[in-house]
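Architecture at a glance
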Amino acid sequence: MSAVKSGQNGAHKAAIRQENEEQILAAAELVFADYGFKGATTARIAEIAKVPKANVHYYFSTKEALYRRIMEDICDHWLEAAMTFENSSDPAEILRGYIEAKMDLSRARPHGSRVWAHEIIRGAKFSSDYISTTVKNWLDSRVVVINRWITEGKMDKVEPYSLMYMIFATTQHYADFARQIEIFNNDHPLSDTQFAEAKENVVRIILKGVGLS
């Protein structure tokens, strides 16, 4: 077999593997969001993914490995949303970009957010190590930036962790409590226009609360 053909076969197999993994991960996110870790089964995940159960175990050796992968993936996306902290020196622009990105993730991946919420409510049994290292280091680094803004007089003096917790809670509310929002909205999901308005209101309220416009 030529080197070119071998390389093409390798790329094809890698593409198939990626497609299968993504299909399983998407199904698992739905199942874990609905049933939590304890109630979810790999059989149900395989059914939703429309793959043999053996395929689930081929790509993810255990249910815990699959669960951890989803937990870390959704949180990694949340951390990436905070890249605005590196891309600007303007606190209002940075916080606006972060809040908007977190809101958009809640709309795009509500089930992932609910998986995370289930995990934390149940004591972070599988994620405490990840949170106490990766997430805590990330959060502490943002607090340093916020404290610098306060020292430089760029924003009002607030407790930085409380500000970040408020952003977490508010943005993720639109995923974790989406059904409640639907009920309040005459049993309809928020339209794109309504969501855009909600996002702008969240940004304005938080920025105004810390003395930014």
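Residues numbered from 1 in each chain as written. Predicted model: local features only at pLDDT ≥ 70, side-chain atom pairs only at ≥ 80, totals over all residues. Heavy atoms only, no water.

Focus on the pattern of salt bridges
When charged atoms on two side chains of opposite charge get close, those side chains can pair. Applying the stated criterion across every chain yields a total of 14 salt bridges. The salt bridge involving glutamate 29 is made with arginine 109; its shortest N-O contact spans 2.4 Å. Residue glutamate 29 is found in helix H1 (residues 3-39), and its partner arginine 109 is found in the loop between helix H6 (91-108) and helix H7 (110-121); the two are separated by 80 residues along the sequence. For the residue pair glutamate 29 and arginine 109, the accessibility class agrees, reading buried in each case. Taking the shortest distance from any N to any O, the salt bridge between arginine 96 and glutamate 100 comes out at 2.9 Å. You can see arginine 96 and its partner glutamate 100 sitting in helix H6, four residues apart, about one turn around the helix. A relative accessible area of 25% means that glutamate 100 is categorised as partly exposed. If you follow the salt bridges from partner to partner, you end up with Glu29, Asp73 and Arg109 in one network. (Salt bridge = Lys/Arg side-chain N within 4 Å of Asp/Glu carboxyl O. Helix = DSSP H or I, 4+ residues; strand = E, 2+ residues; numbered from the N terminus. Buried < 20%, exposed > 50% of the residue type's maximum accessible area, 1.4 Å probe, protein only.)

Things to note about the UniProt feature "domain: HTH tetR-type" (unreviewed entry) in the protein chain
If you check UniProt for "domain: HTH tetR-type" (unreviewed entry), the listed places come out as residues 18-78 in our numbering. End-to-end, the C-alpha atoms of residues 18-78 are 22 Å apart, and along that stretch the chain is 87% helix and 0% strand. (UniProt positions renumbered as here; feature names shortened; annotations may be inferred.)

Description of the packing of aromatic side chains
Under the criterion given, the structure shown has 14 aromatic pairs. Ring plane angle 80° and centroid distance 5.6 Å describe the contact between tryptophan 78 and tryptophan 116, whose orientation is recorded as edge-to-face. Residue tryptophan 78 is found in helix H4 (residues 63-81), and its partner tryptophan 116 is found in helix H7; the two are separated by 38 residues along the sequence. Here the aromatic rings of tyrosine 165 and phenylalanine 168 are separated by 6.4 Å at their centres, their planes lie at 50°, and the arrangement is tilted. Highlighted residues: tyrosine 165 and phenylalanine 168, both in helix H9 (residues 160-176), separated by three residues, approximately one helical turn. Look at tyrosine 165 and you get partly exposed, because its relative accessible area is 46%. Take phenylalanine 168: its relative accessible area is 21%, and that puts it in the partly exposed class. What links up through ring pairs into an aromatic cluster is the set Phe85, Tyr98, Trp138, Trp149, Tyr161, Tyr165 and Phe168. Over the ring of phenylalanine 37 we find lysine 63, and its NZ or CZ is 4.5 Å from the ring centre. The ring centre of tryptophan 78 lies 4.9 Å from the NZ or CZ of lysine 102, which sits over that ring. (Phe/Tyr/Trp six-rings, centres within 6.5 Å; stacked < 30°, edge-to-face > 60°. Lys NZ or Arg CZ within 6 Å of the ring centre and 35° of its normal.)

Some remarks on the layout of surface pockets
In this approach a probe as big as a water molecule rolls over the atoms, and the regions it shows empty are the leftover space. Space inside the largest pocket adds up to approximately 470 Å³. What lines the largest pocket is a set of 20 residues, among which Trp78, Trp116, Ile120, Phe168 and Gln172 lie closest to the centre. At the level of secondary structure, the elements contributing two or more residues to the lining of the largest pocket comprise H4, H6, H7, helix H8 (128-151) and H9. Looking at the lining of the largest pocket, its residues break down into 15 nonpolar, two polar and three charged. (1 Å grid on protein atoms, 1.4 Å probe; cavity = no way out; pocket = protein on both sides within 12 Å on 5 of 7 lines; lining within 4 Å. Points joined across faces, edges and corners; volume = space filled by probe spheres on them. Nonpolar A, V, L, I, M, F, W, Y, C, P; charged D, E, K, R; others polar.)

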